[in-house]
Amino acid sequence: MPADTHVVSGGGAAAHFRALESLYAAAPINRLFDSTLEIVDSGVARIRFAVDERHYHAGGAVHGTAYFKMLDDAAFYACNSLVTDRFLLTTAFNLLFTRPLKAGPVVAEGRWISGQRRVFVGEARLIDADGEEAARGTGTFMRSGIALAGLPGYSA
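Residues numbered from 1 in each chain as written. Predicted model: local features only at pLDDT ≥ 70, side-chain atom pairs only at ≥ 80, totals over all residues. Heavy atoms only, no water.

Caption draft 1: Region of the structure containing the pattern of salt bridges. The full count for this structure, using the stated rule, is ten salt bridges. With its nearest N and O atoms 3.0 Å apart, the salt bridge here joins Arg-54 to Asp-52. Given the relative accessible area of 59%, Arg-54 is considered exposed. Between Lys-69 and Asp-73 there is a salt bridge; the shortest N-O distance is 2.2 Å. Within this pair, Lys-69 and its partner Asp-73 are both found in helix α2 (residues 64-80), separated by four residues, close to a single helical turn. Under the relative-accessibility criterion, Lys-69 is labelled buried at 9%. (Salt bridge = Lys/Arg side-chain N within 4 Å of Asp/Glu carboxyl O. Buried < 20%, exposed > 50% of the residue type's maximum accessible area, 1.4 Å probe, protein only. Helix = DSSP H or I, 4+ residues; strand = E, 2+ residues; numbered from the N terminus.)

Okay, structure coming up:
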């Protein structure tokens, strides 16, 4: 693995995962969503969401902005689990909506696909309360100049 990735293994990786989970919980945007992040392994993230009518569009189903947030976060944290020194930034994200979501639990499952230096590619999918896929997405994420250690909530 390239030296500039600052990826650690063993106990260091677990500490990084917990720090990312703490960072997610501390983000002001997450006050608007009932959600919990779990970094399952290097390159794998799972976020449990509870969506309700507050997230609906006029047609009575969850608005696309909520889909984007759930998918982007899952793919992002899957990729940032591989990087211990810098915060990644989303540079592009493609969505595929496959079914409308109603109120209830939703799980966003994210996985790192490729890249280990400057640009990372991740994918995510949304699973509804019936176990059906409601959407999927693919994103690209780039290293920023923002140090993880300096962010409120990131505590390794």
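Moving on from the model shown.
Caption draft 2: Region of interest: a nonpolar patch on the surface. A cluster of nonpolar residues, Phe-68, Leu-95 and Phe-97, forms a patch on the protein surface that exposes about 250 Å² of accessible area. For Phe-97, a relative accessible area of 45% gives the class partly exposed. (Patch = residues over 30% accessible without salt bridge, like charges linked within 9 Å, V, L, I, M, F, W, Y side chains within 5 Å. Areas by Shrake-Rupley, 256 points an atom, 1.4 Å probe, with all protein chains shown as cover.)

Caption draft 3: Up close: the nonpolar core. One finds Phe-49, Met-70, Tyr-77, Leu-101, Leu-126 and Phe-141 to be the most contacted residues of the largest nonpolar core, which totals 39 residues. Mapped onto this core, the elements with two or more residues apiece are α1 (11-26), β1 (34-41), β2 (44-51), α2, β3 (86-97), β4 (104-114), β5 (119-127) and β6 (133-147). Among the elements that line this core, the one with the most residues is α2, at ten residues. (Core = buried A, V, L, I, M, F, W, Y, C linked by side-chain atoms within 4.5 Å.)

Caption draft 4: Expanded view of the environment of Ile-29. Secondary-structure assignment places Ile-29 in the loop between α1 and β1. On the basis of relative accessible area, Ile-29 is assigned to the partly exposed category, the value being 43%. When the C-alpha positions of Ile-29 and Phe-17 are compared, they lie 20 Å apart, and in sequence the two are twelve residues distant.

Caption draft 5: Quick look at the sheet that holds β5. Taken in spatial order, the six strands line up as β1-β2-β4-β5-β6-β3 in an open sheet, and their pairing is antiparallel. Here the strands that pair on one side only, and so sit at the sheet edges, are β1 and β3. Direction aside, the axes of adjacent strands within the sheet are offset by 25° on average. The sheet contact formed by β4 and β5 spans seven bridges and is antiparallel. (Pairing = 2+ DSSP bridges. Axes fitted to C-alpha atoms, helices over the stretch in contact; angles between N-to-C directions.)

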